[in-house]
Amino acid sequence: MSDQSQPAKAPPARSNRKGHEMPESVADGGMADAERDILAELEKALGEHVSLLLRWNRKLVLPYASAPEDSDDDDHDCDFGAWYELNRHNRLIDQPAMHALAATHKQLHDSAKRLLTAQEVDGDIDSAEFDMMSLRAESFFAQLRRLERAFRTARSDVDPLTGTYNRQTMLSDLNSERERAIRTNVPTAIALVDLDHFKAVNDTYGHQSGDVVLQSIAGILQSHVRPFDKVYRYGGEEFLICLPNADMKQCARVLERLRRVIEASPVSLTDGTILPVTASIGAAPMTKTRSVEQIIEKADKALYAAKEGGRNRVRVWRNPDGKPPPKKQKQDT
């Protein structure tokens, strides 16, 4: 399916500063859009600060030379700081590496301000301060490059349509979770979510409307699972959820809540149609004796039972190894 159903972004408002635009908030159309916007801002920040560093050095070395005609009057005119303040509470930006980059950015500008101010006052350049500005610039560029690489890697792990993790990263993640569950003896489950009658949506309303439905459901899944659960695009209209630290009773509660939210959240199509959507869900626990692929197969059988049972329901495979439940011990009276 194509990713052409995203609404066009409104053009950013212009600021009063020459050659600059008001910083934008990170897109809320999905994780893939947000990561794209962050990457674009990091690339912009790199170019801005290379230009700023050259301008600062020129003023320090040639204090009486006239500035180039195309340069800004403000020695510290950049958009990165304002963009960070606008978006610092976004979950993709509210992380230690991004906060460290913002702190280094501020230190770099503060160091440049002290150098330029001191030169204007007494004509001297503090060599220690100049070295500090250079080190902070080097650190800022290195941190920025590391974050760019991290977000590019994350984008390669994300399904571009839905913003969920893609199938290429799924098996390695699930094998790691299985090993952790075995090592710590903490229950973990896998669930498959399948949208009911999705083919009819594509046949009746078209594939772009089908994309809108997938994006809407992906958003519901990501916002209503627990913080440490992970959602993957398994294929077509199917999503896979990994639920660490959840026995099958807890798993059933989480999945039933998801099912109810999906049922209560009809999707608005671009033509104004309000489309009811439901999902069938099957789940199975991870075990020592079965591989990830075998557990997914058990979850798929539970999903099939949910479909056969009338759709729009949750079924969990509580005993995938086929062992009889332990007998209750009789208590002495």
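Attention in this report is confined to the structure presented alongside it. (Residues numbered from 1 in each chain as written. Predicted model: local features only at pLDDT ≥ 70, side-chain atom pairs only at ≥ 80, totals over all residues. Heavy atoms only, no water.)

### Concerning the overall build of the protein chain
Each helix and strand in the protein chain was counted, giving nine helices and seven strands. Looking at the 333 residues of the protein chain, the share that counts as buried comes to 43%. For the protein chain, contacts bridging at least 24 residues in sequence account for 70% of all contacts bridging at least 6. Of the roughly 18500 Å² that the protein chain leaves accessible, carbon and sulfur atoms contribute 51%. (Helix = DSSP H or I, 4+ residues; strand = E, 2+ residues; numbered from the N terminus. Buried < 20%, exposed > 50% of the residue type's maximum accessible area, 1.4 Å probe, protein only. Contact = heavy atoms within 4.5 Å. Areas by Shrake-Rupley, 256 points an atom, 1.4 Å probe, with all protein chains shown as cover.)

### Section: the packing of aromatic side chains
Taken as a whole, this structure holds four aromatic pairs when the rule is applied. Residues F80 and F140 carry aromatic rings whose centres are separated by 6.0 Å and whose planes lie at 75 degrees to one another, so their mutual orientation is edge-to-face. Here the residue F80 occupies a position in helix 2 (residues 80-87), and F140 occupies one in helix 4 (residues 127-156), the gap between them amounting to 60 residues. Per residue, the accessibility class of F80 equals that of F140, and both read buried. A connected cluster of aromatic rings, assembled from ring pairs, spans F80, W83, F140 and F141. Above the face of the Y234 ring, R167 is positioned so that its terminal group lies 4.1 Å from the ring centre. (Phe/Tyr/Trp six-rings, centres within 6.5 Å; stacked < 30°, edge-to-face > 60°. Lys NZ or Arg CZ within 6 Å of the ring centre and 35° of its normal.)

### Details of the pattern of salt bridges
Side-chain pairs of opposite charge can arise where the charged atoms are in close proximity. In this structure the tally under the stated criterion is 17 salt bridges. Residue E129 pairs with R114 through a salt bridge whose shortest N-O separation is 3.1 Å. Of this pair, E129 sits in helix 4 while R114 is found in helix 3 (residues 96-122), placing the two residues 15 residues apart along the sequence. Where E148 meets R145, a salt bridge forms, and the shortest distance between an N and an O atom there is 2.6 Å. Taken together, the residues E148 and R145, both in helix 4 and three residues apart, mark about one turn of the helix. For E148, a relative accessible area of 3% translates into the label buried. R145 gets classed as partly exposed once you look at its relative accessible area, which sits at 40%. The network of salt bridges with shared partners includes E256, R259, R260 and E263. (Salt bridge = Lys/Arg side-chain N within 4 Å of Asp/Glu carboxyl O.)

### What to know about the sheet that holds strand 7 (residues 314-316)
Overall, mixed pairing links the five strands, which are arranged 2-3-1-6-7 in an open sheet. Every interior strand has two partners, whereas the edge strands, strand 2 (230-235) and strand 7, have only one. Averaged over all pairs of adjacent strands, the angle between strand axes in this sheet comes to 20 degrees, irrespective of strand direction. Relative to strand 3 (residues 238-243), strand 1 (residues 189-195) runs antiparallel, the two sharing six bridges. Of the residues in strand 3, the one forming a bridge with A191 is I241. Docked against the sheet, helix 8 (residues 248-263) engages strand 1, strand 3, strand 6 (279-285) and strand 7, running at close to 165 degrees with respect to strand 6. In the packing of helix 9 (residues 292-308) onto the sheet, the strands contacted are strand 1, strand 2, strand 3, strand 6 and strand 7, and the crossing angle to strand 6 comes to about 140 degrees. (Pairing = 2+ DSSP bridges. Axes fitted to C-alpha atoms, helices over the stretch in contact; angles between N-to-C directions.)

### A look at a negative patch on the surface
Among the surface-exposed residues, D122, D124, D126 and D131 lie close enough to one another that they form a single negatively charged patch. One can find D122 in helix 3. (Patch = residues over 30% accessible without salt bridge, like charges linked within 9 Å, V, L, I, M, F, W, Y side chains within 5 Å. Lys, Arg positive; Asp, Glu negative; His and termini not counted. Charge placed at Lys NZ, Arg CZ, Asp CG, Glu CD.)

### Regarding the environment of S268
Summarising the element assignment, S268 is placed in strand 4 (residues 267-268). In this structure the C-alpha to C-alpha distance between S268 and S216, which are 52 residues apart in sequence, comes to 9.1 Å. The residues touching S268, leaving out its near neighbours within four places in the chain, are V212, T273 and I274.

### Considering helix 8
Look at helix 8: 22 Å from first C-alpha to last across 16 residues, which is about the 22 Å you get at 1.5 Å a residue. Every buried residue belonging to helix 8 is among M248, C251, A252, V254, L255, L258, R259 and I262, and all of these are buried. Summarising the axial view, the buried residues of helix 8 lie within an arc of 165 degrees, below the 170-degree limit, and thus occupy one face. In this structure, helix 8 carries K249, R253 and R260 as exposed residues pointing more than 90 degrees from its buried face. Capping of helix 8 at its N-terminal end is provided by D247; its side-chain oxygen lies 3.2 Å from the backbone amide nitrogen of K249. (Expected span 1.5 Å × (residues − 1). Arc of directions from axis to C-beta. Polar contact = N/O pair within 3.5 Å; in protein donor to acceptor, adjacent residues only side chain to side chain.)

### A word on the nonpolar core
Among the nonpolar cores identified, the biggest contains 34 residues, and V213, I217, L221, F239, I241, L243 and L255 are the most heavily contacted of them. Among the elements of the structure, strand 1, helix 6 (198-205), helix 7 (207-224), strand 3, helix 8 and strand 6 are those that each provide at least two residues to this core. Top contributing element to this core by residue count: helix 7, with seven residues. (Core = buried A, V, L, I, M, F, W, Y, C linked by side-chain atoms within 4.5 Å.)

### Topic: the environment of T164
Looking at where T164 falls in the secondary structure, it is placed in the loop between helix 4 and helix 5 (167-184). It is 8.5 Å that separates the C-alpha atoms of T164 and G219, two residues lying 55 residues apart in sequence. Within the structure, T164 has its side chain in polar contact with the side chain of T162 (distance 2.8 Å).

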